[in-house]
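# Residue-level structural notes
One-letter residues, chain by chain:
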Amino acid sequence: MLEDNVYHIALGNLYRIFGSNSIKFFPMYRSYPVVPYENSQPLSFDLFFFLSRFAPSIAVYNIFTLTAAIMGLIVGYKFYKAFIRNSYLSLLLSVILLGSPYFYYHARSHHDLSQYWLLLIGMYATIFYNERLEQKGWGFRSLILGALFGLVTVFSNYYGFFLLMFHAIYISIYSLLYKRYKSRLLLLFKSSLISLVPFFLLGVFFLRNYLLLLRTSLTDFTTPARTLEDFFYFTSRPWYFLLPPIDNPLLGKLSSSALSYLQDDWGYWLTGNFFKQEHSASYIGYSVLFLSLLGVCRTLFPRGRLSFVACRKVFSLFSRTSKAYTSQARARPVYRKEVYLMHKNILISLALSTVVLFSLTMPPYFTIALHKIYTPSYVSYLMFPMFRSLVRLSELINIIVLIFAGYGLLFFNSWADFTIAAKFPKMSERTRAFIISLFVFVITVFAVSEKYIPLKVTKYSYPPSILSYIKENLPKDSVIAVYPFSNVNEYMFWISYTQRPIINPRGFGQGSFGFESDKFTENLVSCEGMQEAIDLGVGYVLVYNISSLSSRIVDFITHNQFLKQLYVYKTNISGEDSFSQEIILYKIEKDSFLVSSCYN
């Protein structure tokens with residue numbers, strides 16, 4: 001359930017109990033950055049650890065998740081109100097954004113990425129900064145913007161990277177639409193240099209220990225390599241924006257059928273990769289997509305065939321100025337109400353930025369008749385290979401799409417108000433407003449329901465009895481290896497309870513020994529792997545769900561005299577979330593282990 005957040009919970013509890021000495025629970029990784037400010041995202045990491053000193057890590061995790069939801073709702077409301085100038089619709093748009101699968105999937109895996117409100121603040125700051133660029137005080141605003149992006153980066157390096165990317169794309173497009181774009185680009189270059197000063201100062205302040213940690217010869221902490229294959233797996237596909245999450249109770253089965261067809265029947269080589277925690281978060285929603293297309297038609301193409309007659313000349317009233325961000329171009333009353341629109345260049349820039357961001361979420365290349373067609377994400381791979389999960393850019397796309405959906409709702413409100421007033425002239429304005437508001441609320445409920453992912457609240461009160469056995473019977477300096485690798489997190493979650501070290505936690509490696517957790521675990525069920533475990537001081541092996549393993553692995557574990565079975569734990573839970581689990585603890589009889597007998 002908690003996925004990658006297990007490490008924050010486990011390490012946070014250890015740090016609360018043992019302080020910096022908690023590093024002893026990872027015998028091969030004395031240099032792992034458990035101590036504050038020795039992490040690539042120190043602001044979020046250390047804040048979590050600081051709070052974990054005063055409360056259990058699960059409580060801290062719940063606080064982070066609840067804070068993300070509240071801040072997302074508040075900041076989202078403020079963000080959308082700056083565009084559409086309607087409190088009720090802005091709140092509904094904020095609710096739709098909060099109800100997106102992106103938030104719930106990342107709340108399970110990455111508590112820093114669940115704080116999507118940081119993206120809203122950064123995008124708002126970019127647009128605000130851009131609109132006031134040529135006014136007095138542009139240097140000070142550049143310093144503030146650089147400081148903001150620096151703080152976001154040290155809280156979540158992905159969000160910092162995404163905001164820098166959005167900033168460059170949006171401002172470049174806007175400047176090209178500007179009449180005096182050459183002089184504006186020169187000013188942008190100067191302001192960018194100023195913004196880099198606080199950005200790098202904050203980076204040096206927060207990341208200095210992390211950078212020193214990577215340089216020192218004492219560290220064996222290694223960063224996993226990001227290959228081109230990773231970019232194929234962790235980028236999106238066009239259909240992922242149109243397929244609801246497979247966990248959605250309303251439309252999830254349809255998505256499962258569509259994905260099965262794409263993977264099995266079509267068989268194109270790019271249709272096989274699907275990772276629901278990342279790819280399902282791309283989903284826009286059919287209702288939101290319809291409203292956003294309506295908003296685009298009514299704002300960017302008011303003279304199109306699909307345009308309402310009363311909206312055709314709405315942009316002819318816009319003043320072509322570069323006033324403060326808060327100043328809005330005002331349209332002539334549409335039907336019986338007035339619709340406020342941002343400056344047209346802002347809307348065009350946002351629309352084109354969405355197209356660029358969409359292209360960046362695509363795989364590095366695709367093939368047509370065996371010819372490679374490269375996409376912008378290939379450039380990102382060459383320049384920034386550490387940021388492989390470009391599918392997460394879908395959250396920026398969803399944020400922008402909801403802006404146009406808000407305009408779609410505004411024009412729908414005007415049309416509905418005019419239509420009702422024409423057919424029911426005696427109906428009061430208050431009654432009309434209530435009916436329209438109720439109908440828009442129903443649209444919002446549907447928009448949220450097609451994105452909805454059921455929440456599962458799990459109560460962690462009592463550990464499995466086998467963990468109690470480990471705590472009460474194994475020496476405190478015992479080192480445990482967990483097999484298979486997919487179950488490592490289950491032991492990691494309870495490590496603060498067992499207080500017995502683990503040799504192979506996920507994502508760890510020791511370069512000087514050529515040690516990598518995943519390879520060590522995979523090789524553990526072999527004679528060479530068992531010898532390596534003994535050499536590294538491993539005394540016990542914890543095996544999860546042995547009945548699901550291959551017969552060769554089962555034979556190796558059960559038919560060797562050097563593995564002594566100590567405890568067997570089995571459980572069956574029935575109900576909606578029925579499952580069975582089996583955990584067996586083995587002791588390695590080091591004295592009886594011989595490579596020759598192992599092969600026999």
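Read on for an overview of the structure. Since this is a predicted model, take the numbers as computed values, not measurements.

## Describing the overall build of the protein
Looking only at helices and strands, the protein features 24 helices and 10 strands. Sequence separation of 24 or more characterises 74% of the internal contacts of the protein that already satisfy a separation of 6 or more. Accessible surface computed for the protein: about 28,200 Å², of which carbon and sulfur atoms make up 62%.

## Some thoughts on the packing of helix H3 (residues 57-84) against helix H16 (residues 394-423)
Packed helices, taken two at a time, are described by the angle between their axes plus the distance between the axes. Where H3 contacts H16, the two axes come as close as 10 Å, and the packing angle between them is 50°. One way to sum up the angle between H3 and H16 is to call them oblique. Like other packed secondary-structure pairs, H3 and H16 cross with a definite hand, here right-handed. Every residue of H16 that contacts H3 at Phe 79, Tyr 80, Phe 83 and Ile 84 is listed here: Asn 398, Ile 399, Leu 402, Ile 403, Gly 406, Tyr 407 and Leu 410. By residue class, the composition of the contact of H3 with H16 is nine nonpolar, two polar and no charged.

## Looking at empty space enclosed by the protein
Left-over empty space is what a probe sized like a water molecule reveals as it rolls over the atoms. Throughout the structure, instances matching the rule amount to three cavities of 30 Å³ or more. Lining the largest cavity are Tyr 483, Leu 524, Val 525, Met 530, Val 541, Val 543, Phe 556, Ile 557 and Leu 563. Elements supplying a minimum of two residues to the lining of the largest cavity: strand E8 (540-544) and helix H23 (551-558). In the lining of the largest cavity, the residues fall into nine nonpolar, no polar and no charged. Counted as a void, the second largest cavity has a volume near 40 Å³. Every element with two or more residues in the lining of the second largest cavity is listed here: helix H13 (286-299) and helix H17 (429-449).

## Some thoughts on the side chain of Ser 282
If you trace the backbone, Ser 282 turns up in the loop between helix H12 (276-279) and H13. When residues no more than four places from it in sequence are discounted, the contact partners of Ser 282 are Ser 236, Tyr 240, Phe 241, Val 391, Ser 394 and Asn 398.

## Here's the deal with the packing of aromatic side chains
Following the criterion strictly, the structure yields 33 aromatic pairs and no others. For the pair Tyr 158 and Phe 387, a centre-to-centre distance of 5.2 Å together with 80° between the ring planes defines the contact as edge-to-face. Residue Tyr 158 is found in helix H8 (residues 157-177), and its partner Phe 387 is found in the loop between helix H15 (376-383) and H16; the two are separated by 229 residues along the sequence. The class of Tyr 158 is buried, set by a relative accessible area of 11%. A ring pair is formed by Phe 166 and Tyr 170, whose centres lie 5.6 Å apart and whose planes are at 20°; its orientation type is stacked. Of the two residues, Phe 166 and Tyr 170 both sit in helix H8, four residues apart, roughly one turn of that helix.

## Re the pattern of salt bridges
Between side chains of opposite charge, a pair can form when the charged atoms approach closely. Taken as a whole and assessed by the stated rule, the structure comprises six salt bridges. Glu 278 is the partner of Arg 392 in a salt bridge, and the nearest nitrogen-oxygen pair spans 2.8 Å. One end of the pair, Arg 392, is in the loop between H15 and H16; the other, Glu 278, is in helix H12, and 114 residues separate them in sequence. In terms of burial, Arg 392 and Glu 278 fall into one category: buried. The residue Asp 417 makes a salt bridge to Arg 432 at a minimum N-O spacing of 3.0 Å. Here Arg 432 lies in helix H17 and Asp 417 lies in helix H16, a separation of 15 residues in the sequence.

Definitions and limits used
Residues numbered from 1 in each chain as written. Predicted model: local features only at pLDDT ≥ 70, side-chain atom pairs only at ≥ 80, totals over all residues. Heavy atoms only, no water. Helix = DSSP H or I, 4+ residues; strand = E, 2+ residues; numbered from the N terminus. Contact = heavy atoms within 4.5 Å. Areas by Shrake-Rupley, 256 points an atom, 1.4 Å probe, with all protein chains shown as cover. Axes fitted to C-alpha atoms, helices over the stretch in contact; angles between N-to-C directions. Parallel < 35°, antiparallel > 145°, perpendicular 65-115°, else oblique. Left-handed = near helix turned anticlockwise from the far one by under 90°. Nonpolar A, V, L, I, M, F, W, Y, C, P; charged D, E, K, R; others polar. 1 Å grid on protein atoms, 1.4 Å probe; cavity = no way out; pocket = protein on both sides within 12 Å on 5 of 7 lines; lining within 4 Å. Points joined across faces, edges and corners; volume = space filled by probe spheres on them. Phe/Tyr/Trp six-rings, centres within 6.5 Å; stacked < 30°, edge-to-face > 60°. Buried < 20%, exposed > 50% of the residue type's maximum accessible area, 1.4 Å probe, protein only. Salt bridge = Lys/Arg side-chain N within 4 Å of Asp/Glu carboxyl O.

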